[in-house]
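# A closer look at the structure
Next come the chains, spelled out residue by residue.
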Amino acid sequence: MSLKIENVIPIPLRDKVRLYRSDVWNCKVEFALGEYVFVQAPSGTGKTTLVHLLYGLRKDYEGAIFWYNRPLAGDKDDQIAALRTSKISVIFQDMRLFPALTAWENLEAKRLLTGTVSEQQVMEWMQRLGLQDKRNALAATMSYGEQQRLAIIRALLQPFDWLLMDEPFSHLDHANTDKARALIAEVVQQNKAGMLLADLDENRYFDYHKTLML
Amino acid sequence: MSAIQNGILRKLLLGGGGKSRLWAALVALCVGASLLLVSVAIWSDFNELLYGKDRNDAIGSTYMVVGKRVTEQNMGTAGATVFTDAEIADVRKAPQVQDVGLITANNFPVYAVMGGHLAFETDMAVESVPDHFLDQMPEDWKWDSNSHDLPLILSSQFLDIYNYVFAPSQHLPQLSERSVKSLAIQLKAGPAGNSETYLAHVVGFSDRIGSVLVPQSFIDYGNRKYAQRLTGMGPSQLILKTKDPSDVQFGKYLQQHDYNTNSQNLRWSKIRSIVEVVTTATGVLAVLLLGIGALVFILFIELTIARAHASLVLLREIGYSARYLSRFMNRRFVPLVAGTLLVASLITMTGQLFAANALKTQGLVLASLPGMAVWGALVVCLVMLLVLVTMAIRKAISNG
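Residues numbered from 1 in each chain as written. Chains lettered and ligands numbered in written order. Predicted model: local features only at pLDDT ≥ 70, side-chain atom pairs only at ≥ 80, totals over all residues. Heavy atoms only, no water.

## Overview of the packing of helix 1 (residues 3–13) of chain B against helix 11 (residues 322–360) of chain B
Axes are the key here: two packed helices are described by the angle between their axes and the distance separating the axes. Residues and elements named next belong to chain B. Put simply, the test is: An axis is simply a line fitted to the C-alpha atoms; with a helix, the fit covers only the stretch in contact. Between two such axes, the angle follows the N-to-C directions and lies from 0 to 180 degrees. Numbered from the N terminus, helices here are DSSP runs of H or I no shorter than four residues, and strands are runs of E no shorter than two. Working definition: roughly parallel below 35 degrees, roughly antiparallel above 145 degrees, roughly perpendicular at 65 to 115 degrees, and oblique for all remaining angles. Note on contacts: a residue pair is in contact if any heavy atoms of the two residues lie within 4.5 Å.
Axis separation between helix 1 and helix 11 bottoms out at 11 Å; the angle between their running directions is 85 degrees. It follows from the interaxial angle that helix 1 and helix 11 lie roughly perpendicular. The segment helix 1 lies against helix 11, with Gln-5, Asn-6, Leu-9, Arg-10 and Leu-13 engaging Tyr-324, Leu-325, Phe-328, Met-329 and Arg-332.

## Digging into the interface of chain A and chain B
For clarity, the cut-off: As used here, buried area is the combined drop in accessible area, with a 1.4 Å probe, of two parts when they are placed together. We count a salt bridge whenever a side-chain nitrogen from Lys or Arg sits within 4 Å of a carboxyl oxygen from Asp or Glu. Pairs of N or O atoms are called polar contacts if they sit within 3.5 Å, as long as, within protein, a hydrogen donor faces a hydrogen acceptor (for residues adjacent in sequence, only side-chain-to-side-chain pairs). Three categories are distinguished: nonpolar for Ala, Val, Leu, Ile, Met, Phe, Trp, Tyr, Cys and Pro, charged for Asp, Glu, Lys and Arg, and polar for the others, with Gly belonging to the last.
Opposite the 20 residues of chain A that make contact, chain B presents 18 residues. A combined buried area of about 1,700 Å² lies between chain A and chain B, and 62% of that area is made up of carbon and sulfur atoms. Its largest share of buried area at the contact with chain B, chain A owes to A:Phe98, A:Leu112 and A:Leu113, together 31% of the area lost on that side. At the junction of chain A and chain B, the tally comes to four salt bridges. Taken together, chain A and chain B are joined by nine residue pairs in polar contact (both at pLDDT 80 or more). At six residues, helix 4 (residues 103–114) of chain A tops the list of elements feeding residues into the side of chain A that touches chain B. For the side of chain A that touches chain B, a count of residues per class yields 11 nonpolar, one polar and eight charged.

## Examining the sheet that holds strand 3 (residues 36–40) of chain A
Residues and elements named next belong to chain A. Put simply, the test is: In this analysis, strands are considered paired if DSSP registers two or more bridges between them.
Strand order in this open sheet of five strands is 6-7-8-3-9, and the pairing throughout is parallel. Every other strand in the sheet has two partners, leaving strand 6 (88–91) and strand 9 (210–213) as the edge strands with one partner each. Along the sheet, successive strands turn relative to each other by an average axial angle of 15 degrees, direction set aside. Bridge count between strand 6 and strand 7 (residues 162–166): four bridges; the pairing is parallel. Looking at the pairing, Ile-91 lines up with Met-165 of strand 7.

## Points about a nonpolar patch on the surface
All names here are of chain B. Operational definition: Exposure above 30% relative accessible area and the absence of a salt bridge qualify a residue for a patch, where like charges join within 9 Å and nonpolar side chains (Val, Leu, Ile, Met, Phe, Trp, Tyr) within 5 Å. Here the Shrake-Rupley method, with its probe set to 1.4 Å, supplies the accessible areas, and only the displayed protein chains count as covering residues. Residue burial is assigned from relative accessible area. The probe radius is 1.4 Å, only protein chains are included, and a residue is buried under 20% of its type maximum, exposed over 50%, and partly exposed in between.
A contiguous nonpolar surface patch, about 590 Å² in accessible area, is contributed by Phe-158, Ile-161, Tyr-164, Val-165, Phe-166 and Leu-172. Inspection of the secondary structure assignment puts Ile-161 in helix 5 (residues 156–170). Residue class for Ile-161 comes out partly exposed when judged on its relative accessible area of 49%.

## Notes on the packing of helix 4 of chain A against helix 1 of chain B
For clarity, the cut-off: Less than a right angle of anticlockwise turn of the near helix away from the far helix marks a crossing as left-handed, whereas a clockwise turn marks it as right-handed.
Packing of helix 4 of chain A against helix 1 of chain B brings their axes to within 10 Å, and their N-to-C directions diverge by 120 degrees. The angle between the axes of helix 4 of chain A and helix 1 of chain B places the two elements in the oblique class. In the crossing of helix 4 of chain A with helix 1 of chain B, the sense of the turn from one axis to the other is left-handed. The segment helix 4 of chain A lies against helix 1 of chain B, with A:Glu105, A:Glu108, A:Ala109, A:Leu112 and A:Leu113 engaging B:Ile4, B:Gln5, B:Ile8 and B:Lys11. Across the contact of helix 4 of chain A with helix 1 of chain B, the residue classes break down as five nonpolar, one polar and three charged.

Have a look at this one:
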């Protein structure tokens, strides 16, 4: 199993999650490599918290998260950095781009760290998602939709076994959602990776193997 | 790390420091480091001038000639004022004594003759001291058994007595040092039947030793070749190099052993203690200033990192490790520290060169490059600053 969650309860949600039945919180859940998982999470149930816990951004939880049978809480900074550059990638709900950098620089900051995707490939992906004219635009000046598409491309600029997504298309219209979804599916397949998508409502963006209620 | 990535990280992490703040921090560090190195150089130079083995001994040490007091009890006893080996060894251990030289007198007849306008003939005595006790070392101060030219060093007092006392009373011309040096004196050494005549020249004047000095090699040779008796072969006077002759313990030592010396020499120049206090105070001040300089520089680094906090967090979120980012920051700040210390050492080198040239005109010899102590301080300073800077960077980034 590449990802295992054992009785995890986020401390800030401790009282709340004990009041209802969740498929994730306070449960033992295992995910095999290559699985497509959809986590449906009504507002306030800790969707973003789950993604952040799995990505190692937060440590305020009870229970244990295992990546490749190693407890995430015990990982040192270098191990977490290695995980984030070669095993797990993420699309944040709030995009988390560098506002002072251009669109291209935002992508280069990631691409040059891992060195696994060519410049040509990035330009092609920008074109597919309609960002070819935004190359030199500052991220701070781009619309939310553009920023979200840029964040999607950035998440694909590394090798990964798992792609974590937190409402990845929340700022996109149908046409752009289709384009972004197709690109993600293609790259996830190339990497023979699994995905975990957390969203508010039921969706058919991908052919999920597993759907869990948070 | 590619140039583009370097540029991106530079924009994200180093944009918040401000150039003027960086320059202020560098200047503070440079001033602190320069003061430290300069104070070490000053300390090292004063040590060299005051206590070094070079020709600057006269500044830091007082030389004095001591002998056993001639009393009614010992005045008739041959060799009574001669120092034994045990006594010499004891003097070496006496308080404040840094070095002891034996003053060796001739143990054979010496007869000087000079013709011409200043004609005279006289019996005389000569002495020798080890060369490093001379207050000046004339270039031609050497003699070997094949040489018939004999260099002499005359006490300046002798010339003063001649010029200010003897010459006016005898209606003789006064003589400058240069004219005395040009005189040739026939010097006959040894008893009748075993004597040789040498052509002696005065090559220098001594303020330190009130005698007629010849090279040690000549006295040793003469005492072996011409000596008529073995008694009195040892030294009856010693020349002492002392750090502080005014020391009570040293005075007591002389008194207990009944050694006499020129009591005028027992004064102590206060300048040495003042210099020691000044160099120590400068050193303490320099360490404080370097500390402040280092603190300002480290605070600048911490401020730069704190201002880049948001970028730093995001970089770590997309996979940059703290180690990677620390390396980037080190690559930025370590050369600045090294460059600043290079400037500080250049300032110190310039100061040393300037001091060496300035003191040369006063007859003092200083190396034109800073000594090992300065380079040692530079290395210690560099290592300490690098450790502090890299630790500060690592800590600030890990906490970021």
